[in-house]
Amino acid sequence: MTIFKLPNLKSIAITDSKVHHVVSQNITNLSSLQCLNLSNNNIHLVDDNLIKHLPKLELLDLSFNNLTNLSMTPPTNNNFSLDVSNNTRLRCTYLQDLNNITNLNILNPNNTMCITVQKDYWFKYEDPVPYHELEKFKQIEQYCKIHTPCTCVVHRVIYLRDTFRGISVNCNGKNLTSLPEITNLKRIKTDPNYNDLLQLYAQNNQISSLQDIEGSDFIKKFQYLDIRDNKLNEIQTYIFSNVFENSRVDYLRVKLAGNKIKCDCNTAQQIKFWLLKHVKIIDDYENILCENFNTNIMSLDANKVCKYPRVWTDYINYIIAAEVVMLFLLISKVSYDYWVFRTAGYLPWPASKMPKMPCDWVLEA
């Protein structure tokens, strides 16, 4: 296009070709251009200053290309339309930025999609998002930014065999003592706004207990709970008992590392084996620490931790042994006295000093 010097040209179409890159410096001679159709090519990059060099442009058609990003300066023309439909690789962040330009009209919105790259547990996936959903996402994210210290991201959620949109609220590192706008975790159970909460990221805060979410809708169907580096001093295993035993454990993840638990005999004998039983869900179990021991839970020695105060029943074996010994000595003494009496005719001490009993007279007679 650098060969053209057509200052009065109003429309040009280059379609079904192999254009890869649109460079704005090459079209400075088209100052009157109103319509630029570059659809159905292989364009993957458009110069950010394209609109700046085409001040009278009213329509830019970039449909059916291979765009992944698209940034542009706001058009000076108040009647500017853009068609980016059927670009299957366009990232949503760029489309959202374009949508924020007030004097820009997006054409063919029903055929316009974008993708978000998300990480779900150990793998990444690309989530296609229809254009009409972007405005809802924008409203949710702005509301979250205004009313909470956290960040909210809308993304795809897989629950059992269903796929739907969900909101990920990330509160990591915000020094929270509770969830935003609540004084304790009870609101998760009582406030209907939390009924559809599936993932909670609350790492590096001041939360000291999860007991308030027992029986909540969240604990019944959640997928991800990140409570690392908080102030938990106890693991209430009964809270998770039902959800851990159902058939969807492959979707569950619980993060507890960095919390300092008050360790005791129950921790060494039961909590330790409970963690081992659910290693697929609580995969950071080796980094859960003890508050009162310089070790983690998995290194607790039950023989050293489980020490009980002694009671008198602990000495029952010694008492029985002493009684058996005394009985043996008594039988031996009686046998010895009888043998002396039969051979020497007298009783040795102390049998000779014992007072006579009524039955002794009978025996003597």
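Note that the structure is predicted; figures quoted are calculated from it, not measured.

A short note on the nonpolar core
Soluble globular proteins tend to bury their nonpolar side chains together.
Piece 1. With 37 residues, the main nonpolar core has Phe222, Phe240, Phe244, Leu275, Ile282 and Ile297 as its most contacted residues.
Piece 2. Of all the secondary structure elements, the ones that give two or more residues to this core are helix 4 (217-221), helix 5 (241-244) and helix 6 (265-277).
Piece 3. Top element by residues in this core is helix 6. It accounts for four residues.
Piece 4. Judged by nonpolar contacts, the second largest core, of 32 residues, contains Val22, Leu38, Leu82 and Leu90.

A few points about the confidence of the model for the protein chain
Piece 1. On average, the protein chain scores 80 in pLDDT, and the residues at 70 or more come to 82%.
Piece 2. Taking the mean pLDDT of every element in the protein chain, the minimum, 52, falls on helix 9 (residues 358-364) and the maximum, 94, on strand 5 (residues 59-61).

Thoughts on the sheet that holds strand 5
Piece 1. Ordered by their spatial adjacency, five strands build an open sheet running 1-3-5-6-7, and the pairing between neighbours is parallel. Strands at the two margins of the open sheet, each flanked by one partner only, are strand 1 (11-13) and strand 7 (104-106). Each strand of the sheet is rotated relative to its neighbour by a mean of 10°, with strand direction disregarded.
Piece 2. Here three bridges tie strand 3 (residues 35-37) to strand 5, and the two strands are oriented parallel to one another. Among the inter-strand pairings, Cys35 is bridged to a residue of strand 5, identified as Leu59.

Quick look at the state of the cysteines
Piece 1. If you walk through the whole model with that rule in mind, you get three disulfides.
Piece 2. Across the disulfide, Cys92 is cross-linked to Cys114 (sulfur-sulfur distance 2.0 Å). An S-S torsion of about 90° defines the bridge between Cys92 and Cys114 as right-handed. You can see Cys92 sitting in helix 1 (residues 92-99) and its partner Cys114 sitting in strand 8 (residues 113-120), a full 22 residues away along the chain. Each member of the pair, Cys92 as well as Cys114, carries the same accessibility label: buried.
Piece 3. Two residues share a disulfide in this structure: Cys263 and Cys290, whose sulfurs sit 2.0 Å from each other. Measuring handedness by torsion sign, the sulfur bridge of Cys263 and Cys290 sits at about -90° and is left-handed. Taken as a pair, Cys263 in the loop between strand 15 (260-261) and helix 6 and Cys290 in strand 16 (residues 289-290) lie far apart in primary sequence, 27 residues in all. A single burial state applies to Cys263 and to Cys290, both of which are buried.

Section: the pairing of strand 6 (residues 80-83)
Piece 1. Residue alternation in strand 6 divides its side chains into two sets, Phe80 and Leu82 and Ser81 and Asp83, and both sets are buried.
Piece 2. Inspection of the sheet shows strand 5 paired to strand 6 by three bridges, in the parallel sense. Opposite Leu59, over in strand 6, you have Ser81 as the bridge partner.
Piece 3. In this region the chain leaves strand 6, passes through helix 1 and returns to the parallel neighbour strand 7; the handedness of that crossover is right-handed.

Describing the side chain of Gln199
Piece 1. Within the secondary structure layout, Gln199 lies in strand 12 (residues 199-201).
Piece 2. Taking relative accessible area as the criterion, Gln199 reaches 7% and is therefore assigned buried.
Piece 3. In terms of polar contacts, Gln199 uses its side chain to reach the side chain of Gln223, at 3.4 Å.

Cut-off values and rules
Residues numbered from 1 in each chain as written. Predicted model: local features only at pLDDT ≥ 70, side-chain atom pairs only at ≥ 80, totals over all residues. Heavy atoms only, no water. Core = buried A, V, L, I, M, F, W, Y, C linked by side-chain atoms within 4.5 Å. Buried < 20%, exposed > 50% of the residue type's maximum accessible area, 1.4 Å probe, protein only. Helix = DSSP H or I, 4+ residues; strand = E, 2+ residues; numbered from the N terminus. pLDDT = per-residue confidence, 0-100. Pairing = 2+ DSSP bridges. Axes fitted to C-alpha atoms, helices over the stretch in contact; angles between N-to-C directions. Disulfide = S-S within 2.5 Å. Right-handed = clockwise from strand over helix to strand, strands pointing away. Polar contact = N/O pair within 3.5 Å; in protein donor to acceptor, adjacent residues only side chain to side chain.

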